[in-house]
Amino acid sequence: MKIILLGAPGAGKGTQAVKIAAKFNAAHVSTGDLLRKNIKEGTELGKKAKEYMDAGRLVPDELVIALVADVIKDADSFLLDGFPRTIEQAKAVDRITEIEKVLNLQIDETLLMDRLTGRRVCKECAAVTHITLLNGADKCALCGGSLYQRSDDNETTVKSRMEAYYKQTAPLIEYYEKQNKLINVNSGRDSADVFKDIEKILMQRSVNRVSAAEKKYN
Ligand code: AP5
Ligand code: MG
């Protein structure tokens, strides 16, 4: 499986990616998570990326492409979350490997600010949740770890992230439509319902691949 998850900040890419990776045994590659790991570890890349991320701007293409290229070069099964995010990044992916499908998580923009400013992340297991699901608790429901708020989940930075999305990432919708790879998913619904739709799409994809292989050998 070689899948891309496309969508605005807060569309639910990370939430769905965790479920897809577990169900379909694919590596979950999130550039946001990889960059935050570099910031935490104080690497040179982390130092360079931090100022862009805090401002809600995209990290320069060459840095992000180098980060992902090695991971996907020889991998058979992966799910890209938050990458590619520019046409330049998409072209780089096309030079490295053949993507099967691009799932575009569509959502009404008015839902995003609440989702992002209310998001909490577990320091221990990185699980993502929302304050409305915590009922006042301040620990992770999965592992009991402490929760924190991402430093870019404040109103000002979210607005900049949205601008970057519309200007630099939304053009990828047309890019993948032209490649006949884009499938829209309504992600403004309950997370379990969104996953059911994604599951159906990905199961159908396996059926199609088996029939194509059968045709080839019959
Ligand atoms: P990144 O970490 O990728 O952030 P993002 O794209 O802004 O997306 P988010 O992670 O904020 O949202 P999500 O869609 O994953 O939503 P989630 O599932 O968590 O990137 C951060 C920064 O890194 C960028 O701004 C940039 O600077 C840099 N960067 C990263 N990749 C880059 C690249 N390729 N090129 C250049 N720079 C790059 O859900 C959000 C909230 O909503 C949670 O609280 C969740 O519980 C809730 N929620 C999710 N689904 C539902 C649902 N169905 N119903 C109700 N609530 C829901
Ligand atoms: Mg995410």
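Everything below is about the structure shown above.
Residues numbered from 1 in each chain as written. Chains lettered and ligands numbered in written order. Predicted model: local features only at pLDDT ≥ 70, side-chain atom pairs only at ≥ 80, totals over all residues. Heavy atoms only, no water.

Asker: Is there a simple way to think about the pattern of salt bridges in this case?
Answerer: Pairs may arise between side chains of opposite charge once their charged atoms sit close together. Within this structure, the stated rule accounts for 14 salt bridges. A salt bridge links Glu98 to Lys181, with the shortest nitrogen-to-oxygen separation between them at 3.4 Å. With Glu98 in the loop between α5 (87-96) and β4 (101-106) and Lys181 in the loop between α9 (171-178) and β8 (182-186), this pair connects stretches of sequence that are 83 residues apart. Classification of Glu98 as exposed rests on a relative accessible area of 58%. We classify Lys181 as buried; its relative accessible area is 11%. (Salt bridge = Lys/Arg side-chain N within 4 Å of Asp/Glu carboxyl O. Helix = DSSP H or I, 4+ residues; strand = E, 2+ residues; numbered from the N terminus. Buried < 20%, exposed > 50% of the residue type's maximum accessible area, 1.4 Å probe, protein only.)

Asker: It is not clear to me how the site of ligand 1 should be interpreted in this structure. Could you clarify?
Answerer: Lining the immediate surroundings of ligand 1 are 34 residues, of which Thr15, Arg57, Arg85, Arg119 and Arg161 lie closest. In the model, a nitrogen atom of ligand 1 is placed 2.9 Å from a nitrogen or oxygen of the Gly82 main chain. Between ligand 1 and the protein, one listed contact pairs an oxygen atom with a side-chain N or O atom of Arg150 at 3.1 Å. Taken by itself ligand 1 offers 1,000 Å² of open surface, and the protein chains cover 92% of this. Those elements that provide at least two residues to the shell around ligand 1 are α1 (13-24), α2 (31-41), α6 (112-117) and β6 (128-130). By residue number, the principal contributor to the shell around ligand 1 is α2, which donates four residues. (Near = heavy atom within 4 Å. Polar contact = N/O pair within 3.5 Å; in protein donor to acceptor, adjacent residues only side chain to side chain. Areas by Shrake-Rupley, 256 points an atom, 1.4 Å probe, with all protein chains shown as cover.)

Asker: Sorry if this is basic, but what is going on with the sheet that holds β8 here?
Answerer: Two strands in a sheet stick together by hydrogen bonds in their backbones, pointing the same way (parallel) or opposite ways (antiparallel). As summarised here, the arrangement of the five strands in space is β2-β3-β1-β4-β8, forming an open sheet in which the pairing is parallel. What marks the edges here is a single partner per strand, and that holds for β2 (27-30) and β8. Strand-to-strand twist of the sheet, defined as the mean angle between neighbouring strand axes without regard to direction, takes the value 20°. Pairing analysis gives five bridges linking strand β1 (residues 2-7) to β4, with the strands arranged parallel. For Ile3, the partnering residue across the bridge sits in β4 and is Lys101. (Pairing = 2+ DSSP bridges. Axes fitted to C-alpha atoms, helices over the stretch in contact; angles between N-to-C directions.)

Asker: What should I look at first to understand the pairing of β4 in this one?
Answerer: As a general feature of sheets, a regular strand has side chains that alternate between the two faces. Of the pairings in the sheet, the one linking β4 to β8 comprises five bridges and is parallel in character. For Val102, the partnering residue across the bridge sits in β8 and is Leu182.

Asker: Is there a simple way to explain α9 in this structure?
Answerer: Along an α-helix, residues three or four apart share an orientation, since each turn contains 3.6 residues. Turning to α9, its buried residues are Leu172, Tyr175 and Tyr176. Looking straight down α9, one finds that the buried residues subtend no more than 85° of arc, so they occupy a single side. A positive phi of about 65° marks Asn180, the residue just after α9. (Arc of directions from axis to C-beta.)

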